[in-house]
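Chain residues, written in single-letter form:
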Amino acid sequence: MGGGYDTGAASENLCLEAVHQGLIAHQMGGFDVEAVRVAFNVPERYQPMAMIAVGYPGRAEQLEGSFYENEIAPRRRRPLGDTFFAGGFGRSWRMS
Ligand SMILES: Cc1cc2nc3c(=O)[nH]c(=O)nc-3n(C[C@H](O)[C@H](O)[C@H](O)COP(=O)(O)O)c2cc1C
């Protein structure tokens with residue numbers, strides 16, 4: 001439980017610092033844990049929880065098909081009320 005919270009906070013800080021240094025970070029929660037253990041010789045007492053690729057940003061024109069379309073599309077944000085609750089779980093928080 002605590003490990004997940006720590007990993008999330010550390011990941012976010014890594015992403016922010018990457019952008020600050022002109023890099024881009026791509027978080028991945030879906031990866032092959034056992035493959036990571038083998039590839040990087042991770043001791044059993046450590047649990048790989050996240051994978052983050054860091055690199056220099058490319059140009060949208062280098063992408064094809066849906067990857068290009070997604071890249072140039074306006075970003076959409078989930079409404080805050082879908083994630084933040086007040087007065088009980090599932091009760092949307094609303095700024096009054
Ligand atoms: C906690 C977390 C886990 C994620 N896991 C994956 C993943 O397993 N695979 C993946 O392709 N993208 C994953 N993403 C999404 C990408 O990291 C990235 O946020 C998304 O592609 C949007 O960034 P972009 O506009 O630069 O593509 C995850 C994002 C977060 C925040």
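Residues numbered from 1 in each chain as written. Predicted model: local features only at pLDDT ≥ 70, side-chain atom pairs only at ≥ 80, totals over all residues. Heavy atoms only, no water.

Draft legend 1. Fine view of the confidence of the model for the protein chain. A residue-level look at the protein chain finds 96% of positions with pLDDT of 70 or above and a mean pLDDT of 93. Taking the mean pLDDT of every element in the protein chain, the minimum, 94, falls on helix α1 (residues 2–20) and the maximum, 97, on strand β2 (residues 51–55). (pLDDT = per-residue confidence, 0-100. Helix = DSSP H or I, 4+ residues; strand = E, 2+ residues; numbered from the N terminus.)

Draft legend 2. How the structure looks around unusual backbone geometry. Phi angles above zero are rare outside glycine, and Asn41 is one such case at about 55 degrees. Of note, Asn41 is situated in the loop between α2 (33–40) and β2.

Draft legend 3. The arrangement of the packing of aromatic side chains in detail. Within this structure, the stated rule accounts for one aromatic pair. Ring centres of Phe85 and Phe89 lie 4.8 Å apart, and the angle between their planes is 75 degrees; this geometry places the pair in the edge-to-face category. Residue Phe89 is classed as exposed on the basis of its relative accessible area of 80%. (Phe/Tyr/Trp six-rings, centres within 6.5 Å; stacked < 30°, edge-to-face > 60°. Buried < 20%, exposed > 50% of the residue type's maximum accessible area, 1.4 Å probe, protein only.)

Draft legend 4. View of the side chain of Ser11. Topologically, Ser11 is positioned in helix α1. Aside from chain neighbours lying at most four places away, what touches Ser11 is Gln27 and Ile52. (Contact = heavy atoms within 4.5 Å.)

Draft legend 5. Representation of the pattern of salt bridges. Inspection of the entire model under this criterion finds three salt bridges. The salt bridge involving Glu34 is made with Arg37; its shortest N-O contact spans 3.7 Å. Of this pair, Glu34 and Arg37 both sit in helix α2, three residues apart, which is roughly one turn of that helix. Judged by relative accessible area, which is 48%, Glu34 ranks as partly exposed. Residue class for Arg37 comes out buried when judged on its relative accessible area of 9%. Here Glu61 makes a salt bridge to Arg59, at a shortest N to O gap of 3.8 Å. Both residues of the pair, Glu61 and Arg59, belong to the exposed class. (Salt bridge = Lys/Arg side-chain N within 4 Å of Asp/Glu carboxyl O.)

Draft legend 6. Spotlight on α2. Of the residues that open α2, the one with a side-chain oxygen 3.1 Å from the backbone nitrogen of Glu34 is Asp32. Asn41 sits one or two positions beyond α2 and adopts a positive phi of about 55 degrees. (Polar contact = N/O pair within 3.5 Å; in protein donor to acceptor, adjacent residues only side chain to side chain.)

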